Amino acid sequence: MGSMIGSGIFIVPADMSRVLGSPALLIAAWLVTAVMTIIGALSYGELAAMMPKAGGQYVYLRESLGPIWGFLYGWTLFMVIQTGTIAAVGVAFGKFLGCSFLRECDPLAVAYRHVPAWHVGPMVLGNMDIGLNTANLAAILIITLLTLSNTRGVRLGAAVQNVFTSAKVLALLGIVLVG
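Bear in mind the structure is a predicted one, so any value in this text is a computation, not a measurement.

Student: Which residues make up the overall build of the protein chain, and what are the values?
Tutor: Counting secondary structure elements, the protein chain contains 6 helices and 2 strands. Beginning at the N terminus, the succession of helices and strands in the protein chain can be written as α-α-α-α-β-β-α-α. The burial tally for the protein chain puts 13% of its 179 residues in the buried class. Nonlocal contacts in the protein chain, meaning residues at least 24 apart in sequence, comprise 44% of its contacts between residues at least 6 apart. Split by element, the accessible area of the protein chain, about 13100 Å² in all, is 73% carbon and sulfur.

See the structure below:
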């Protein structure tokens, strides 16, 4: 449940509303994605019934398309998918704690620098400001704490997961009740 109710539910609707510009289009987009999600869940349920082995998507790809596709999926999961999920959790937590809750998103002067422009042929590299703010620091802190809690054991990792899942469910229930 913790992985199904992602932190993006608290960020994505505002961006979708801005882009779509219409409550009807927003609801239509949510309905279309709900149908697609149900179809995907039913498909995974059917695959799990057909191949009751540990490994999920890896096994389904390996058995249906061949071992190379299972192997490539495993490495893609490790290098891109899971790291992207971890980054998204950090961004969501940092945005809400660092910017919304603490009301502070200004760059920290100590860690704020301008990267000068570097011309390489027709391209211009650099020419940007980089640095840390409270949202970045909150994201770094939560990723570090979650990593440490998960390396300490399954029980502690599960307890932390349950706390965050409960917080997300309660927040969604609060939004529904207030709405």
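On we go from here.
Student: Describe in detail the pattern of salt bridges, supporting the description with residues and values.
Tutor: Tallying each qualifying case throughout the model produces 1 salt bridge. Arg-62 is paired through a salt bridge with Glu-63; the nearest N and O atoms lie 2.9 Å apart. When its relative accessible area of 26% is taken as the criterion, Arg-62 is described as partly exposed.

Student: Explain the packing of aromatic side chains to me, using residue names and the numbers behind them.
Tutor: Counted under the stated rule, the structure contains 3 aromatic pairs. Between Tyr-44 and Tyr-60 the ring centres are 6.0 Å apart and the planes differ by 45°, which places this aromatic pair in the tilted class. Separated by 16 residues along the polypeptide, Tyr-44 in helix H2 (residues 23–50) and Tyr-60 in helix H3 (residues 57–65) bring together distant segments of the chain. On the accessibility criterion, Tyr-60 (11% relative accessible area) is buried. Arranged with centres 6.3 Å apart and planes meeting at 80°, the rings of Phe-93 and Phe-164 form a pair that is edge-to-face. Of this pair, Phe-93 sits in helix H4 (residues 67–101) while Phe-164 sits in helix H6 (residues 154–178), placing them 71 residues apart in sequence. When its relative accessible area of 34% is taken as the criterion, Phe-164 is described as partly exposed.

Student: Pulling in residues and values, what's your account of helix H5 (residues 134–151)?
Tutor: Compared with an ideal rise of 1.5 Å per residue, which puts 18 residues at 26 Å, H5 spans 26 Å between its outermost C-alpha atoms and is within 8% of the ideal. Among the residues of H5, those classed as buried are Thr-134, Ala-135, Ala-138, Ala-139, Ile-142 and Ser-149. Angularly, the buried residues of H5 cover 135° about the axis, an arc narrow enough to put them on a single face. A positive backbone phi angle near 145° is found at Gly-153, which sits one or two residues after H5.

Student: I'd like a description of a nonpolar patch on the surface, backed by residues and values.
Tutor: Nonpolar side chains collect at one region of the surface, where Leu-65, Ile-68, Trp-69, Phe-71, Leu-72, Trp-75, Phe-78, Met-79, Val-80 and Ile-81 lie side by side and expose about 1100 Å² of accessible area between them. Counting residues per element, the nonpolar patch draws most heavily on H4, which supplies 9 residues. Tracing the backbone shows Phe-71 in helix H4.

Student: Tell me what's going on with the pairing of strand S2 (residues 123–130), and back it up with residues and numbers.
Tutor: Inspection of the sheet shows strand S1 (residues 113–120) paired to S2 by 7 bridges, in the antiparallel sense. If you follow Ala-117 over to S2, its bridge partner there is Gly-126.

Student: Help me get a handle on the side chain of Ser-149, residues and values and all.
Tutor: Within the secondary structure, Ser-149 is located in helix H5. Once residues within four sequence positions are removed from consideration, Ser-149 is found in contact with Leu-156, Gly-157 and Val-160.

Student: Please give an account of the environment of Val-89 that cites residues and values.
Tutor: Mapping Val-89 onto the fold places it in helix H4. Along the chain, Val-89 and Ile-143 lie 54 residues apart, while their C-alpha atoms are 8.1 Å from each other.

The rules behind these values
- Residues numbered from 1 in each chain as written.
- Predicted model: local features only at pLDDT ≥ 70, side-chain atom pairs only at ≥ 80, totals over all residues.
- Heavy atoms only, no water.
- Helix = DSSP H or I, 4+ residues; strand = E, 2+ residues; numbered from the N terminus.
- Buried < 20%, exposed > 50% of the residue type's maximum accessible area, 1.4 Å probe, protein only.
- Contact = heavy atoms within 4.5 Å.
- Areas by Shrake-Rupley, 256 points an atom, 1.4 Å probe, with all protein chains shown as cover.
- Salt bridge = Lys/Arg side-chain N within 4 Å of Asp/Glu carboxyl O.
- Phe/Tyr/Trp six-rings, centres within 6.5 Å; stacked < 30°, edge-to-face > 60°.
- Expected span 1.5 Å × (residues − 1).
- Arc of directions from axis to C-beta.
- Patch = residues over 30% accessible without salt bridge, like charges linked within 9 Å, V, L, I, M, F, W, Y side chains within 5 Å.
- Pairing = 2+ DSSP bridges.

In short, geometric facts, not functional conclusions.
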